[in-house]
Amino acid sequence: MAASVEQAKGKRVQPAWSPPEGTEQPRLHLYNSLTRSKDEFVPQNGKQVLWYCCGPTVYDASHMGHARSYISFDILRRVLMNYFKYDVFYCMNITDIDDKIIKRARQNHLFEQYREKKPAPAQILGDVQTALKPFLVKLAETTDPDKKQMLERLHAAVTLVLGPLQEAVQRGAAASEVAPKAELLLKEAKDLLSDWLDSQLGSQVTENSIFSILPKYWEGEYHQDMEALNVLPPDVLTRVSEYVPEIVAFVKKVVENGYGYVSNGSVYFDTAQFGGSEKHSYGKLVPEAVGDQKALQEGEGDLSISADRLSEKRSQNDFALWKASKPGEPSWDSPWGKGRPGWHIECSAMAGSILGESMDIHGGGFDLRFPHHDNELAQSEAYFENDHWVRYFLHTGHLTIAGCKMSKSLKNFITIKDALAKHTARQLRLAFLMHSWKDTLDYSNNTMESAIQYEKFINEFFLNVKDVLRAPTDITGQYEKWDSQEIELNKSFYEKKAAVHRALCDNVDTRTAMEEMRALVSLGNTYIAARKSNRQTPNRMLLQSVAAYLTEMLRVFGAIDGVEPIGFPVGGSGQNMDLEVIVMPYLSVLSDFRETVRKIARENKVTEVLQLCDALRDDTLPELGVRLEDHEGLPTVVKLVDRETLLKEREEKKQVEEEKKRKKEEAARKKQEQEAAKLAKMKIPPSEMFRSEIDKYSNFDDSGFPTHDAEGKEISKGQTKKLKKLYDAQEKLHKDYLEMVQNGGSS
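Residues numbered from 1 in each chain as written. Predicted model: local features only at pLDDT ≥ 70, side-chain atom pairs only at ≥ 80, totals over all residues. Heavy atoms only, no water.

1. Some points on the overall build of the protein chain
- Along the protein chain, the regular secondary structure elements total 24 helices and 18 strands.
- For 747 residues, the compact-globule estimate of 2.2 N^0.38 gives 27 Å, and the protein chain exceeds it by more than 25% at 39 Å.
- Dimensions of the protein chain, computed from C-alpha atoms along their principal axes, come out at roughly 135 × 120 × 60 Å.
- Evaluated residue by residue, the protein chain yields a buried proportion of 44% over its 747 residues.
- Accessible surface computed for the protein chain: about 39,300 Å², of which carbon and sulfur atoms make up 53%. (Helix = DSSP H or I, 4+ residues; strand = E, 2+ residues; numbered from the N terminus. Rg over C-alpha atoms; globule rule 2.2 N^0.38 Å. Buried < 20%, exposed > 50% of the residue type's maximum accessible area, 1.4 Å probe, protein only. Areas by Shrake-Rupley, 256 points an atom, 1.4 Å probe, with all protein chains shown as cover.)

The following block contains the structure:
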């Protein structure tokens, strides 16, 4: 019977299922200089990203302009690797053969030789005066305002110390007086003398090793600076000096492909031949700059723009692939004779040998777009006979110093070491994160103060969350019931995470991402404060999730370098142990003991003990990097904070208290003065109050009330009415004074 009923109903089956519509997710777009727009990022080979970055020309100290580029690319690289999970292969070069390096190395060598000869003060004076003649001609011919200003500063500095030495030599002053003046002139005139010595003797410097000492030293300094800034090292580092054979082979093939020509031992790229080809285009990045002779000559280098060199070219737009070495320059063998690589060719040959015929990303500073990167593109595509040597070209923005242009060649720069002496690597990175990587960044006190305040704001949140997580609980107690506050905060948490993701997809917009993270911290702080004000414990798991996410994002950005699950590392870099985990149990015991002592002292009104407890909090523990925060009716909060930060906070607190004390004393003084003035006024009888104003009144009645003005005219009724009010008020005031005296008050 049952079976027949089942058959009548039919066999039960699962209902149809419809998948959710879902939402379209944002995709990573990068600002591509090849299109001057944000293009969707699509690597050529799955998740693998081949990336080449132009490295430094190592002839001087690394400065904040370098930091602008390399910190920015480090952030981009970390985001692509650690957030978007691309497999990035990162190659960077070191330019250790270059006109600037050759000239600086030669000048340093010749100046040191000059010093070793220990010239007499009179000779130093004469040589500087001789060197000044071509220098002044150069100064007069210089039209670039920044370069002219730099040369004028040098001239002023030399002139300032030259006069005293000249005067001392002319009057035959003692050696003890002349020698220091000569040494000072030698110091101030080093650049001027070096340039003059190079013009006289530079062609005699022929030993190749002289040209390698300088770049080797400054490359070492550069790597130290990058490590100090927490910039990841490249996967591959290429040096021009190690790739000369590859560069020669590269140039040879460009010539064979019909895009280069030999002229007087040098090899030049034929821009007209290349640009006239159907499959090629010259000036992809900045077509409007093609023909800019000033930019082209800067790209060729100071040693390569003499009239004879320029006359070797078929067109002024052509550029050197290989330069025939002149006397005083390093040289290598080649099919065209002794010579050295051009500037642009080095990146093409080195990147090509490591990354092949096409890369996903090429990066460099904004000022390298033309001619350097446009020439790289041309000669590489001429070599590989393709039109896609680079798929995405990324250029970081300029860096200014308090609004002014910064330049190593203009001697207007702040070294990375100088910057790190004032601010931490994290603070510098936060400043960069708070700005777009492709726009101009102004390195100023305001910029750095914003970064410092951001660091402090988010660190306080981490410390507060750690305090919540330290509260004792069993394994089940950590799972707490969610009320509306937790649900609302969690909803906002996911909204902020989505906003950060959208920002990073939008050209790795860290500025917006950082603001969204700041907003999330504000929501977390509001939640903690609301719970504590109601004597309720904040939800541990939720706050832990928020803090862990923020920590991970800062780790992705390179602002946290450690394995701590929450917050900034404590104890400095290089610590193999978690200082917080080790010391916090002891500090918690100390804090609980202090709280018990304070409670007993308050109950028994033992002021001295309370003062000692305050001194422990305000004076002793900050020296050890420990902050205690007392909250009425709540347990004391213990935080590990950087010692310098705490000492700065203590000094600021002291200044605030002193200012409050000063204002209080000032207010008391003013009140005392006002009371004294009021008392003095009360003492005056109404019959005397107008008699002293002889500049206003000439006659008075018997009660001392004025009847005529200073010119003898009778006072009008309207004026009399006003004066009567003042008279009556003073009469009342004086009456109050007399009563006060009678009752034993002020006299």
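2. With respect to the sheet that holds strand β14 (residues 441-443)
- Spatially, the three strands line up as an open sheet ordered β13-β12-β14, and their pairing is mixed. Because the sheet does not close on itself, it has two edges, and the strands there are β13 (404-405) and β14. (Pairing = 2+ DSSP bridges.)

3. Observations concerning the nonpolar core
- Membership of the largest hydrophobic core comes to 119 residues, with the highest contact counts inside it found for Val-128, Leu-185, Phe-461 and Phe-557.
- No other element matches helix α2 (residues 64-83), which puts ten residues into this core.
- When near neighbours in sequence (up to four residues on either side) are disregarded, Phe-461 contacts Val-521, Gly-524, Asn-525, Ile-528, Leu-543, Val-546, Ala-547 and Leu-550.
- Among the nonpolar cores identified, the runner-up in size contains 46 residues, and Tyr-52, Cys-54, Val-254 and Phe-319 belong to it. (Core = buried A, V, L, I, M, F, W, Y, C linked by side-chain atoms within 4.5 Å. Contact = heavy atoms within 4.5 Å.)

4. Some details on the packing of aromatic side chains
- Under the definition given, this model contains 23 aromatic pairs.
- Between the aromatic rings of Tyr-70 and Tyr-222, the centroid separation amounts to 5.6 Å while the plane-to-plane angle is 80 degrees, which identifies the pairing as edge-to-face. Taken together, the residues span a long stretch of sequence, with Tyr-70 in helix α2 and Tyr-222 in helix α8 (residues 210-228) at a distance of 152 residues.
- For Tyr-70, a relative accessible area of 7% gives the class buried.
- The exposure class of Tyr-222 is buried, given its relative accessible area of 2%.
- Taken together, a centroid distance of 5.0 Å and an interplanar angle of 85 degrees make the contact between Tyr-83 and Phe-84 edge-to-face.
- What makes Phe-84 buried here is its relative accessible area of 13%.
- Three or more aromatic residues joined by ring pairs make a cluster, and in this case those are Phe-690, Tyr-697, Phe-700, Phe-705 and Tyr-727.
- Here Arg-314 stacks its cationic end above the ring of Tyr-261, 4.0 Å away from the centre of that ring.
- It is Lys-497 that lies over the ring of Phe-493; its NZ or CZ is 4.5 Å from the centre. (Phe/Tyr/Trp six-rings, centres within 6.5 Å; stacked < 30°, edge-to-face > 60°. Lys NZ or Arg CZ within 6 Å of the ring centre and 35° of its normal.)

5. Notes on a negative patch on the surface
- On the surface, Glu-449, Glu-651, Glu-652, Glu-657 and Glu-658 cluster together into a negatively charged patch.
- Top contributing element to the negative patch by residue count: helix α23 (residues 643-683), with four residues.
- Relative accessible area serves as the criterion here: at 37%, Glu-449 is assigned to the partly exposed category. (Patch = residues over 30% accessible without salt bridge, like charges linked within 9 Å, V, L, I, M, F, W, Y side chains within 5 Å. Salt bridge = Lys/Arg side-chain N within 4 Å of Asp/Glu carboxyl O. Lys, Arg positive; Asp, Glu negative; His and termini not counted. Charge placed at Lys NZ, Arg CZ, Asp CG, Glu CD.)

6. A closer look at the pattern of salt bridges
- Here the structure, examined in full by the defined rule, presents 61 salt bridges.
- With a shortest N-O distance of 3.1 Å, Glu-516 and Lys-496 are connected by a salt bridge. Separated by 20 residues along the polypeptide, Glu-516 in helix α19 (residues 510-533) and Lys-496 in helix α18 (residues 484-505) bring together distant segments of the chain.
- In this structure, the salt-bridge partner of Asp-630 is Arg-617, at a minimum N-O distance of 2.8 Å. Taken together, the residues Asp-630 in strand β15 (residues 626-631) and Arg-617 in helix α22 (residues 607-620) connect sequence positions 13 residues apart.

7. What to know about helix α5 (residues 145-170)
- The end-to-end C-alpha separation of α5 is 37 Å, in line with the 38 Å expected for 26 residues at 1.5 Å each.
- Turning to α5, its buried residues are Met-150, Leu-151, Leu-154, Val-158, Val-161, Leu-162, Leu-165 and Ala-168.
- Buried positions along α5 lie against α4 (121-141), α6 (175-188) and α7 (190-201).
- For α5, the N-terminal cap is Asp-144; the gap from its side-chain oxygen to the backbone nitrogen of Asp-146 is 3.0 Å.
- Downstream of α5 by a residue or two, Gly-172 has a phi angle that is positive, lying close to 70 degrees. (Expected span 1.5 Å × (residues − 1). Polar contact = N/O pair within 3.5 Å; in protein donor to acceptor, adjacent residues only side chain to side chain.)

8. A few points about the sheet that holds strand β7 (residues 266-269)
- With antiparallel pairing, the four strands of this open sheet are ordered in space as β6-β7-β8-β9. In this open sheet, the two strands that pair with only one neighbour each are β6 (260-263) and β9 (339-341). When strand polarity is set aside, the average angle formed by the axes of neighbouring strands in this sheet is 25 degrees. (Axes fitted to C-alpha atoms, helices over the stretch in contact; angles between N-to-C directions.)

9. Some words on the environment of Asp-98
- Its place among the elements puts Asp-98 in the loop between β4 (87-94) and α3 (99-116).
- Residue class for Asp-98 comes out buried when judged on its relative accessible area of 11%.
- Residues Asp-98 and Glu-486, 388 residues apart in the sequence, show an inter-C-alpha distance of 61 Å.

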